[in-house]
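One letter stands for each residue in the lines below.
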Amino acid sequence: MGDLLDLLAVWMPRQRWYGTKGRDPQLTLIAEWELVVPGTRVLLVRDEAVTPAAVYQVPVSQRDAEVVLPGSLIGPADDGRVWSDAATDPAFTDLLFRLVSLGGAGAALGDEFVGVPLSAAPVTAPEGVPARVLSGEQSNTSIIFRPEGAPPVICKLFRQVNAGINPDVELQSALAAGGATFVPAAIGEIRGTWTAADGETVTGSLAFAQEFFEGVEDAWRVALQAATSGSDFSGPARALGASVARMHVALAEVFPTVAPDADVRSAVAAAWERRLGIAVSEVPGLAPYVDRIRDVYAEAVAAPWPPLQRVHGDLHLGQVLHTPTNGWVLLDFEGEPLRPIAERRSPDLAARDVAGMLRSFDYVSGAVADDDGAAVRAWVIAAQQAFLSGYAETVGAAHTAPDALLAAFELDKAVYEAIYETRNRPDWVGIPLAAIGRLAPLP
């Protein structure tokens, strides 16, 4: 296993889902599941190149080199074969589909690696289901299954895993079980059990399957096309605001809410300050605005707050599909990857999601070519206002966040974006910096 870990330490940093860019992995094997598929196993490896250490799921297969797809090759194995990423191995994906759709059989280690059906009507799971890895994933690996005579299914293989149920599984499953049509139908999940760094035995989510909407576009592409053509987007934006409001209403009914006492306010303010501290050290252009940003945060802390509740946590136009049957459909409830998992699982303010969508509309202005910027800026403002109107009309005025609180969450999101763009797309950092200038203007 030592040789395979050495190979993974070279291969993992080249994968988009590997979260510790610029550092050499320091890997330790913490769990291994031998599957009924010969030569295939699922590994959990702890990477101590970052603090706190990250845990990654890596399914691997021993295969003949000539059948391994580009990008899936990990390195040499025994008997002239090679190790490859099992996500592209039909034998593994067949087993994965059976586990998430029917649960139960499929692994050799009993209750330590199990499928859990989430649908009252399990999907038919024949062998040989065509599967394709979805390109463009950032932090997970998604596989589309097209079983004959049945609707397609998309299964998300979580690459970075944590103890406890993944919020993507938890929230989407609860909403779907309540009859919500603004999320995909939940089909099944896979859970694993392993030993954590402190010696405690823990269980966490490894994969999640749900309804797949074929041939639809996400809201980002729909909005971008409308802005490019100068088409009025007020109607779709208003409907999107209503869908987000329905999500918040449903989550507040299903999960407990928390009163915004002094401790809660201090914790939220501390998270804002922690993010700002990271940004100041990494984004030089932010320095002139730091005092004004803190002023906005202070105004928000002093404002009236609604109760905290479970929220999406990373809502933007790319997390929404435009479907002919269900209208706007919300996806990917894992929360922001840079936020600690404990924060992502905790009750939060719904204003975080509203602010995220407003920031996403603002990004359209940076993606659409416009000679003077005035036309696309006007499009953005109209879309944002329509979104807010649709949200407020649905959730009710009593549950709408005060302006000061919404401004603070917009600002916090822009600070997050400034960190992200500096690390990944330096040419785009001007978009969040311009927003920070508007939200926290200098005297």
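Residues numbered from 1 in each chain as written. Predicted model: local features only at pLDDT ≥ 70, side-chain atom pairs only at ≥ 80, totals over all residues. Heavy atoms only, no water.

Trainee: So what exactly am I meant to see when it comes to a negative patch on the surface here?
Mentor: A surface patch of negative charge is lined by Asp 3, Asp 6, Asp 78 and Asp 79. As for its placement among the helices and strands, Asp 6 is situated in helix 1 (residues 2-11). Judged by relative accessible area, which is 52%, Asp 6 ranks as exposed. (Patch = residues over 30% accessible without salt bridge, like charges linked within 9 Å, V, L, I, M, F, W, Y side chains within 5 Å. Areas by Shrake-Rupley, 256 points an atom, 1.4 Å probe, with all protein chains shown as cover. Salt bridge = Lys/Arg side-chain N within 4 Å of Asp/Glu carboxyl O. Lys, Arg positive; Asp, Glu negative; His and termini not counted. Charge placed at Lys NZ, Arg CZ, Asp CG, Glu CD. Helix = DSSP H or I, 4+ residues; strand = E, 2+ residues; numbered from the N terminus. Buried < 20%, exposed > 50% of the residue type's maximum accessible area, 1.4 Å probe, protein only.)

Trainee: Just checking my understanding: could you explain helix 5 (residues 234-254) for this structure?
Mentor: Every α-helix carries 3.6 residues per turn, so stepping three or four residues along brings you back to the same face. Over its 21 residues, helix 5 runs 30 Å from end to end, which matches the ideal 30 Å to within 8%, given 1.5 Å per residue. Three or more residues of helix 5 are buried, namely Ala 237, Leu 240, Gly 241, Ala 242, Ser 243, Val 244, Ala 245, Met 247, His 248, Ala 250 and Leu 251. Summarising the contacts, the buried residues of helix 5 are in contact with helix 3 (167-177), strand 14 (320-323), strand 15 (327-330), helix 9 (351-367) and helix 10 (374-395). (Expected span 1.5 Å × (residues − 1). Contact = heavy atoms within 4.5 Å.)

Trainee: Looking at this structure, how should I read the side chain of Gln 57?
Mentor: Along the chain, Gln 57 turns up in strand 3 (residues 54-63). A polar side-chain atom of Gln 57 sits 2.6 Å from the main-chain carbonyl oxygen of Phe 158. (Polar contact = N/O pair within 3.5 Å; in protein donor to acceptor, adjacent residues only side chain to side chain.)

Trainee: Got a minute to help me understand unusual backbone geometry in this structure?
Mentor: Excluding glycine, a negative phi dihedral is what most residues carry, and trans is how most peptide bonds are arranged. With an omega of -5°, the peptide bond running from Thr 51 to Pro 52 counts as cis. Relative to the assigned elements, Pro 52 resides in the loop between strand 2 (40-47) and strand 3. Phi is positive for Asp 79, close to 60°, though the residue is something other than glycine. Relative to the helices and strands, Asp 79 resides in the loop between strand 4 (73-76) and strand 5 (82-85).

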